[in-house]
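Close look at the chain arrangement
Here is what each chain is made of, one letter per residue.
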Amino acid sequence: MKKIAIIHGKMVMGGAERVLVNMLHHFKYDVYDVTLFLEGSIENGQENLEQLVDGRVKIKYWGDKVSSDFGKFVDEEFYDCAISYQGLDILHLCVLNQMIKASRRVAWIHGDCRYVCNSKSKVSDYKLAYSRVDKIVCVSEGVRTIFCEVFPSLEKNTTTIYNLYDEDEILLKSAED
C-alpha cells in the first residue's frame, strides 16, 4: 500500500479546501493510505472535518505557527509521497521539506505566486523551497505560466493538473434554485 501525506492549513472550507475534500473522495483506499496534516487542532473549529472526509483518511495536526510546540513536530512515519496542498504558503513548504519524511515531494499551486513572492528576498526563499520538491503542480495553465515567469529555472519540474469537481454536487445545487 502506498502512503501519501497531504499538508494543508486550516480547513476553513474555501475553494482549495473544497477541492481537497473532493480529491480525498476519489482516492482508492485499498491502494493508498492517506494522512492529512492540518495546521491547528480539533479545537480550532475543525471538528466537523471528520464528517467531510472519508473515515479512512488519518488526520494529524501539526500545531499552530504561533505555538511554541510548532518546531517540535516531526512525523516519524515514512511516506511514498508528501504533498503541500497550499504550495504558496512558505510554512507549509517548510513542513513538507523538513518535517515529513518522504521519497517524493510535491507542491500544489492554486493561485498567482506573485502575491506571495512580492520581493527579491521572498522569491529567493520560495525558489529554495521549491527546488527541494520533486514536482510542482499548478491547477491551470494560467497559474503555471505565471509560476514559470517568476521561477523560470523550475519550469521543467512543473505540470498542470486541473481541480477535481464533484459533478453530482454541482447538479444538485443547480436544482435547488
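Here's a quick rundown of the structure. Given the structure is predicted, the values throughout are model-derived calculations rather than measurements.

**Focus on the environment of Thr160**
Take Thr160: it is sitting in strand E9 (residues 158–160). Residue Thr160 is classed as buried on the basis of its relative accessible area of 19%. Along the primary structure Thr160 and Val137 are separated by 23 residues, whereas in three dimensions their C-alpha atoms are 5.6 Å apart. Excluding residues within four positions of it along the chain, Thr160 makes contact with Cys138, Val139, Ser140, Glu141 and Arg144. Within the structure, the side chain of Thr160 is placed 2.7 Å from the side chain of Glu141, a separation counted as a polar contact.

**Section: the nonpolar core**
The nonpolar side chains of a soluble globular protein tend to be buried, and buried together. Membership of the largest hydrophobic core comes to 51 residues, with the highest contact counts inside it found for Ile6, Leu24, Tyr130 and Phe147. Among residues more than four places away in sequence, those in contact with Leu24 are Ile6, Tyr29, Val34, Leu36, Val53 and Val57.

**Quick word on the side chain of His8**
Its location among the elements puts His8 in strand E1 (residues 2–8). Overall, the relative accessible area of 0% leaves His8 in the buried class. When sequence neighbours within four positions are dropped, the list of residues in contact with His8 reads Glu17, Leu20, Phe37, Leu38, Glu39, Trp62, Tyr85, Gln86 and His92.

**Comments concerning the sheet that holds strand E7 (residues 105–109)**
What the 7 strands build is an open sheet, ordered E3-E2-E1-E5-E7-E8-E9; its pairing is parallel. Looking at which strands have only one partner, the edges of the open sheet turn out to be strand E3 (58–61) and E9. Ignoring strand direction, the axes of neighbouring strands in this sheet form an average angle of 25 degrees. Contacts between helix H3 (residues 90–99) and the sheet are confined to E1, strand E5 (81–84) and E7, with E5 contributing the most and set at about 170 degrees to the helix.

**Considerations on the pattern of salt bridges**
The final tally for this structure, using the stated rule, is 5 salt bridges. Between Asp33 and Lys58 there is a salt bridge whose closest N-O contact spans 2.3 Å. With Asp33 in strand E2 (residues 32–38) and Lys58 in strand E3, this residue pair connects regions lying 25 residues apart in the sequence. Between Lys101 and Glu76 there is a salt bridge, with its nearest N and O atoms 3.0 Å apart. Taken as a pair, Lys101 in strand E6 (residues 101–102) and Glu76 in the loop between E3 and strand E4 (78–79) lie far apart in primary sequence, 25 residues in all. Look at Lys101 and you get partly exposed, because its relative accessible area is 33%.

**Digging into the packing of H3 against helix H4 (residues 120–131)**
The axes of two packed helices give the description: the angle between them and the distance between them. Close contact between H3 and H4 brings their axes to 10 Å; oriented N to C, the two are set at 30 degrees. Here H3 lies roughly parallel to H4, going by the angle between them. For the pair H3 and H4, the sense of crossing is left-handed. Each of Ile90, Leu93 and Asn97 in H3 lies in contact with H4, whose residues at this interface are Asp125, Tyr126, Ala129 and Tyr130. When the residues that make up the contact of H3 with H4 are grouped by side-chain class, the tally is 5 nonpolar, 1 polar and 1 charged.

**As for the side chain of Asn97**
Structurally, Asn97 can be placed in helix H3. Within the structure, Asn97 has its side chain in polar contact with the backbone oxygen of Ala129 (distance 3.1 Å). Beyond its immediate sequence surroundings of up to four residues, Asn97 is in contact with Arg105, Ala129, Arg132 and Val133.

Rules and cut-offs
- Residues numbered from 1 in each chain as written.
- Predicted model: local features only at pLDDT ≥ 70, side-chain atom pairs only at ≥ 80, totals over all residues.
- Heavy atoms only, no water.
- Helix = DSSP H or I, 4+ residues; strand = E, 2+ residues; numbered from the N terminus.
- Buried < 20%, exposed > 50% of the residue type's maximum accessible area, 1.4 Å probe, protein only.
- Contact = heavy atoms within 4.5 Å.
- Polar contact = N/O pair within 3.5 Å; in protein donor to acceptor, adjacent residues only side chain to side chain.
- Core = buried A, V, L, I, M, F, W, Y, C linked by side-chain atoms within 4.5 Å.
- Pairing = 2+ DSSP bridges.
- Axes fitted to C-alpha atoms, helices over the stretch in contact; angles between N-to-C directions.
- Salt bridge = Lys/Arg side-chain N within 4 Å of Asp/Glu carboxyl O.
- Parallel < 35°, antiparallel > 145°, perpendicular 65-115°, else oblique.
- Left-handed = near helix turned anticlockwise from the far one by under 90°.
- Nonpolar A, V, L, I, M, F, W, Y, C, P; charged D, E, K, R; others polar.

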